[in-house]
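Listed below are the residues making up each chain.
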Amino acid sequence: MKVETQGETLNVSGIKELGAANSQIFRDQVKGALADVHKNIAIDLSETNFVDSCGLGALISLHKTTCNRNGTVRLVNPTPPVQQILELTRMHRIFEIINN
Amino acid sequence: MSIESIPVSRNTGLRLSLACDLGAVRPMTKLIRDFLQEQGAGKEELQASELALAEACNNAIKYVVAPASQQQIEVEVLCGNEQLELRVNDHTNGFEWPRQVELPDLAAETGRGLFLIQSVMDRVQYFRGSGENCLVMQKKRDGHVAPPNQHSELERRLSESEKIIRDMAEELSFCYESLSAIFRCSAELGKSNDLEDFARRLLGDLAQITSAVVRISQSGPW
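The model shown is predicted, which means the values in this text are computed figures rather than measured ones. (Residues numbered from 1 in each chain as written. Chains lettered and ligands numbered in written order. Predicted model: local features only at pLDDT ≥ 70, side-chain atom pairs only at ≥ 80, totals over all residues. Heavy atoms only, no water.)

### Overview of the nonpolar core
Membership of the largest hydrophobic core comes to 64 residues, with the highest contact counts inside it found for A:Phe26, A:Ile43, B:Ile32, B:Leu36, B:Val75, B:Met121 and B:Met137. It is helix α2 (residues 43-62) of chain B that contributes the most residues to this core, ten residues altogether. Beyond its immediate chain neighbours, meaning those up to four positions away, B:Met121 contacts B:Ala48, B:Ala52, B:Leu86, B:Met137, B:Gln138 and B:Lys139. (Core = buried A, V, L, I, M, F, W, Y, C linked by side-chain atoms within 4.5 Å. Buried < 20%, exposed > 50% of the residue type's maximum accessible area, 1.4 Å probe, protein only. Helix = DSSP H or I, 4+ residues; strand = E, 2+ residues; numbered from the N terminus. Contact = heavy atoms within 4.5 Å.)

Set out below in structure tokens:
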């Protein structure tokens with residue numbers, strides 16, 4: 001996983017999957033990388049081929065963190081299976097989903 | 001992390017057992033994905049099976065209590081032409097499967113597993129037992145396409161069946177001819193009580209048939 005700062009946004013990329021086995025580590029690493037300057041988190045899901053309910057839980061947890069900073073979580077270029085799960089669980093209502 | 005793989009029967013099923021370890025779940029679902037891919041399962045079937053199995057096994061691991069956590073979770077996949085069936089046997093205390101599985105509040109961080117299973121599968125049944133529970137998940141196989149090796153096997157079997165049917169039709173036609181000859185003879189015999197007269201007419205018929213065959217054979221190849 002790769003994290004980098006772009007203004008007020010923390011960009012996260014290189015996530016292969018987000019499941020029960022790694023969702024807690026993912027959540028902790030992203031929260032650990034947040035600095036005072038970051039309001040938003042942009043998560044690149046273009047390499048993510050699997051997300052389960054635990055992975056969704058981690059994303060929601062990050063969403064709450066950014067809400068406390070008056071920011072948002074943006075999900076960038078989700079792969080078709082991930083997009084399907086986001087829609088099934090209506091996550092598109094709370095996340096900003098960006099398809100470039 | 002431990003996964004044990006046991007083929008149930010050639011090309012149709014697979015049985016796996018895994019330890020109660022979240023790290024073992026994804027390797028197991030990948031093995032099953034590969035197996036289903038070999039069976040010609042489509043993209044949607046693969047994704048649905050992978051997700052449903054992951055959710056089912058995650059629950060089986062998260063909610064197990066000692067000493068049952070020492071027991072293995074058993075996963076079975078049956079791949080038929082019409083549908084896929086996935087079974088997960090766990091050793092948790094079990095729970096009452098809700099009559100209607102609904103999504104939790106949008107802000108909830110947990111509680112979507114059963115909803116995802118129900119959404120991606122066509123039929124889900126949960127059997128709660130004493131010390132062991134079984135989750136059966138079925139998905140219809142729409143637009144099933146046999147993989148190339150299955151195509152050639154099907155073509156070979158089709159060609160064999162066609163040959164058998166042709167041979168049987170030929171045999172049936174001979175039987176029919178023999179039977180009709182017997183009926184003809186019986187009918188002729190019934191017309192006359194004179195055996196000599198019957199023999200004469202039979203020989204006459206035979207002569208006619210022979211001359212017809214000779215004429216046909218002289219008229220050249222068919």
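### A look at a nonpolar patch on the surface
Taken together, the side chains of B:Leu179, B:Ile182 and B:Phe183 present a nonpolar region at the surface, about 320 Å² in accessible area. Here B:Ile182 is to be found in helix α4 (residues 148-191). (Patch = residues over 30% accessible without salt bridge, like charges linked within 9 Å, V, L, I, M, F, W, Y side chains within 5 Å. Areas by Shrake-Rupley, 256 points an atom, 1.4 Å probe, with all protein chains shown as cover. Salt bridge = Lys/Arg side-chain N within 4 Å of Asp/Glu carboxyl O.)

### A look at the environment of B:Leu78
Residues and elements named next belong to chain B. One can find Leu-78 in strand β3 (residues 73-79). In the structure, Leu-78 is positioned 41 residues away from Gln-37 in sequence and 13 Å away in space, judged by C-alpha atoms. The residues touching Leu-78, leaving out its near neighbours within four places in the chain, are Thr-12, Gly-13, Gln-83, Leu-84, Glu-85 and Arg-87.

### A short note on the interface of chain A and chain B
Facing the 24 residues of chain A at the interface are 22 residues of chain B. Around 1800 Å² of area is buried between chain A and chain B when both sides are counted, 64% of it from carbon and sulfur atoms. Of all residues in chain A, the largest losses of buried area upon contact with chain B belong to A:Phe50, A:Ser53 and A:Leu88, amounting jointly to 27% of the total for that side. On the surface where chain A and chain B come into contact, there are four salt bridges. Here B:Glu109 makes a salt bridge to A:Lys64, at a shortest N to O gap of 3.0 Å. (Buried area = accessible area lost by both parts, 1.4 Å probe.)

### A look at the state of the cysteines
Each disulfide is one covalent bond, formed between the sulfur atoms of two cysteines. Residues and elements named next belong to chain B. Under the defined criterion, the tally for this structure stands at zero disulfides over all chains. Just so you know, Cys-134 is unpaired, no disulfide at all, and the nearest cysteine sulfur is the one on Cys-57, 12 Å from it. For Cys-134, a relative accessible area of 15% puts it in the buried group. (Disulfide = S-S within 2.5 Å.)

### Side note on the domain arrangement of chain B
Domain parsing of chain B yields domain 1 (8-145) and domain 2 (150-218). Taking the mean C-alpha position of each, domain 1 of chain B and domain 2 of chain B sit 61 Å from one another. (Domains from an automatic or database assignment.)

### Comments concerning the packing of aromatic side chains
Two aromatic rings, taken as a pair, are described by how far apart their centres are and by the angle between their planes. Inspection of the entire model under this criterion finds three aromatic pairs over all chains. The structure contains a cluster of three or more aromatic residues connected by ring pairs, namely B:Phe95, B:Trp97 and B:Tyr126. For the cation-ring pair, B:Arg26 lies above A:Phe50, with the distance from its terminal atom to the ring centre recorded as 3.7 Å. (Phe/Tyr/Trp six-rings, centres within 6.5 Å; stacked < 30°, edge-to-face > 60°. Lys NZ or Arg CZ within 6 Å of the ring centre and 35° of its normal.)

### Section: the pairing of strand β5 (residues 123-128) of chain B
Residues and elements named next belong to chain B. In this structure, β5 lies alongside strand β6 (residues 133-140), joined through six bridges in antiparallel fashion. Considered in β6, the bridge of Phe-127 is made with Cys-134. Between the end of β5 and the start of β6, which pair antiparallel, lie four residues, with Gly-131 showing a positive phi angle near 80°. (Pairing = 2+ DSSP bridges.)

### Observations regarding the environment of B:Ala54
Of note, B:Ala54 is situated in helix α2. For the pair B:Ala54 and B:Asp122, spaced 68 residues apart in sequence, the C-alpha separation works out to 17 Å.

### Remarks on the pattern of salt bridges
Scanning the model with the defined rule gives 15 salt bridges over all chains in all. B:Glu76 serves as the salt-bridge partner of B:Arg15, at 3.6 Å between the closest nitrogen and oxygen. Within this pair, whereas B:Arg15 is found in strand β2 (residues 13-18), its partner B:Glu76 is found in strand β3, the two being separated by 61 residues in sequence. With a relative accessible area of 34%, B:Arg15 lands in the partly exposed category. Within the structure, one salt-bridge network assembled from shared partners comprises A:Glu17, B:Arg26, B:Lys30, B:Arg33 and B:Glu50.

### Some remarks on the side chain of A:Thr65
Residues and elements named next belong to chain A. Looking at the element boundaries, Thr-65 is found in helix α2 (residues 53-68). Of the polar contacts made by the side chain of Thr-65, one reaches the backbone oxygen of Ser-61; its length is 3.0 Å. Among residues more than four places away in sequence, those in contact with Thr-65 are Lys-31 and Leu-34. (Polar contact = N/O pair within 3.5 Å; in protein donor to acceptor, adjacent residues only side chain to side chain.)

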